[in-house]
Amino acid sequence: KRWFSPPVTDQVPQCFQCSNDTISKYFKRILNTFSSPPIHSLYVQLPSTDSPTPLEVLQNPKYYPYFSDAIGTIDGTHITCHPSSKDRDAARNRKGNLTYNCLIACSFNMSFLYILSGWEGSAADACVYHDARTTDFNIPPGKYYLADAGFAACDELLVPYRGVCYHLAEWGHGCQVPCNHRELFNLHHAMLRNVIERIFGVLKNHFKILLLPPHYKMDVQVRIPVALCLVHNVIHVHDPNDLMDYHQIDLNEPEDDVGALAEGPPTAEACTRAHQHHDEIALRMWEDYNLTRQQRGQPVIEDNLL
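Residues numbered from 1 in each chain as written. Predicted model: local features only at pLDDT ≥ 70, side-chain atom pairs only at ≥ 80, totals over all residues. Heavy atoms only, no water.

- As named in an unreviewed UniProt entry, the protein chain is DDE Tnp4 domain-containing protein, taken from Rhizopogon vesiculosus.
- In its Cofactor (unreviewed entry) section, the UniProt entry covering the protein chain states "a divalent metal cation".
- What UniProt states about the protein chain under its Subcellular location (unreviewed entry) heading is, verbatim, "Nucleus". (UniProt positions renumbered as here; feature names shortened; annotations may be inferred.)

See below:
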């Protein structure tokens, strides 16, 4: 289930020279405004069908043209929470901590594109993704997001090869180089997908409320990261020194043509197409990789899987 219903706040500690009722009133008003349309949808928008290839992909030969249809990256992150006694078991994640799970999509330029907050910490990322895809997470046809191996292979997600190194930390020891097309694909995939890990770090270090959760009801707590994603995007778009003037900028309404929802979980046919897409990209990447090595006077590496 998701903890997401109209929020009713508990008392906020008296940090200001105002009554708790006044603080609670305005906290609730700001939280609801920042986590709901229309202002949230103005700053946290999904890419449209005609969105161009991101510059971070287009200008890097390690990623282009192999990931030219990638529009961002997606992953789940756990936020520490204070659930009620009846929700504690559901909130306990696989590490034993009390959290709720947020599914987040971001662009390659460190902007949030989508957030679904409110699933209990025991829920898997793939389960949260399925709920998002059948609710409001639209993905344009022919486009996809980069995801880790915890997600199922399908047309809308490009995941790494399983059983092969795919975290950057696994490549960080020594001068290890890829030995086959799968390792090369996973290395470049991890380098491009790493933006989601960076944006998680930025969000949690910038807003300590995500690390030290307030004692509000869960339906209030789960709205906090939604609102903070908007705040992050505002800071990212506008000069921090001129934030007071951001209301003077003419913001465009989000486009309606942002893709389609899923009709259900990935089918066997979709999984097969995804694996074929993997191989096509990886083999092309490997061929170009060895061609570049030849041009630099380096020896060609034989693919140990071919």
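Quick look at the overall build of the protein chain
(1) Moving on: Within the protein chain one finds 11 helices and 5 strands.
(2) Moving on: When each of the 306 residues of the protein chain is scored for burial, the buried share is 46%.
(3) Moving on: Once local pairs closer than 6 in sequence are excluded, the contacts in the protein chain between residues at least 24 apart make up 68%.
(4) Moving on: For the protein chain, the exposed surface amounts to about 16,000 Å²; the carbon and sulfur share of it is 53%. (Helix = DSSP H or I, 4+ residues; strand = E, 2+ residues; numbered from the N terminus. Buried < 20%, exposed > 50% of the residue type's maximum accessible area, 1.4 Å probe, protein only. Contact = heavy atoms within 4.5 Å. Areas by Shrake-Rupley, 256 points an atom, 1.4 Å probe, with all protein chains shown as cover.)

Description of the nonpolar core
(1) Moving on: Phe67, Leu146 and Phe185 are the most contacted members of the largest nonpolar core, which totals 48 residues.
(2) Moving on: For Phe67, the contacting residues outside a window of four places in its chain are Val57, Lys62, Tyr144, Leu146, Leu158, Phe185, His188, His189, Leu192 and Met285.
(3) Moving on: In this structure, Ile74, Leu116, Ile139 and Tyr145 belong to the second largest nonpolar core, which totals 24 residues. (Core = buried A, V, L, I, M, F, W, Y, C linked by side-chain atoms within 4.5 Å.)

Digging into helix α7 (residues 181–193)
(1) Moving on: With 13 residues, α7 extends 18 Å between its outermost C-alpha atoms, agreeing within 8% with the 18 Å of an ideal straight helix rising 1.5 Å per residue.
(2) Moving on: Of all 13 residues making up α7, 11 are buried, and the element is well covered by its neighbours.
(3) Moving on: A side-chain oxygen of the first residue of α7 lies 3.1 Å from the backbone nitrogen of Arg182; this N-cap is Asn180. (Expected span 1.5 Å × (residues − 1). Polar contact = N/O pair within 3.5 Å; in protein donor to acceptor, adjacent residues only side chain to side chain.)

Remarks on the packing of α7 against helix α11 (residues 268–295)
(1) Moving on: Running from N to C, α7 and α11 cross one another at 95 degrees; their axes reach a closest spacing of 8 Å. It follows from the interaxial angle that α7 and α11 lie roughly perpendicular. Residues His181, Leu184, Phe185 and His188 of α7 form the contact with α11, whose participating residues are His278, Ile281, Ala282, Leu283, Met285, Trp286 and Tyr289.
(2) Moving on: For the contact of α7 with α11, the per-class residue count stands at 8 nonpolar, 3 polar and no charged. (Axes fitted to C-alpha atoms, helices over the stretch in contact; angles between N-to-C directions. Parallel < 35°, antiparallel > 145°, perpendicular 65-115°, else oblique. Nonpolar A, V, L, I, M, F, W, Y, C, P; charged D, E, K, R; others polar.)

A look at the environment of Val202
(1) Moving on: If you trace the backbone, Val202 turns up in helix α8 (residues 195–206).
(2) Moving on: Separated by 30 residues in sequence, Val202 and His232 have C-alpha atoms that sit 9.0 Å apart.
(3) Moving on: Beyond its immediate sequence surroundings of up to four residues, Val202 is in contact with Met110 and His232.

Brief notes about the pattern of salt bridges
(1) Moving on: Taken as a whole, this structure holds 4 salt bridges when the rule is applied.
(2) Moving on: Between Asp75 and Arg193 there is a salt bridge, with its nearest N and O atoms 4.0 Å apart. On the criterion of sequence distance, the pair formed by Asp75 in strand β1 (residues 70–80) and Arg193 in helix α7 is long-range, its members being 118 residues apart.
(3) Moving on: Assessed through its relative accessible area of 5%, Asp75 is described here as buried.
(4) Moving on: With its nearest N and O atoms 2.4 Å apart, the salt bridge here joins Asp155 to Arg273. You can see Asp155 sitting in the loop between β4 (144–146) and β5 (157–158) and its partner Arg273 sitting in helix α11, a full 118 residues away along the chain.
(5) Moving on: Residue Asp155 is classed as partly exposed on the basis of its relative accessible area of 32%.
(6) Moving on: Overall, the relative accessible area of 41% leaves Arg273 in the partly exposed class.
(7) Moving on: Through salt bridges that share partners, Asp75, Arg193 and Glu197 make up one connected network. (Salt bridge = Lys/Arg side-chain N within 4 Å of Asp/Glu carboxyl O.)

Considerations on unusual backbone geometry
(1) Moving on: Residue Pro37 is joined to Pro38 through a cis peptide bond whose omega torsion reads 5 degrees.
(2) Moving on: Looking at the secondary structure, you find Pro38 in the loop between α1 (20–34) and α2 (39–43).

Focus on helix α5 (residues 125–133)
(1) Moving on: Those residues of α5 lying buried are Asp125, Val128, Tyr129, Asp131, Ala132 and Arg133.
(2) Moving on: Looking at the buried positions of α5, the neighbouring elements they touch are β1, β2 (99–106), β3 (112–120) and β5.

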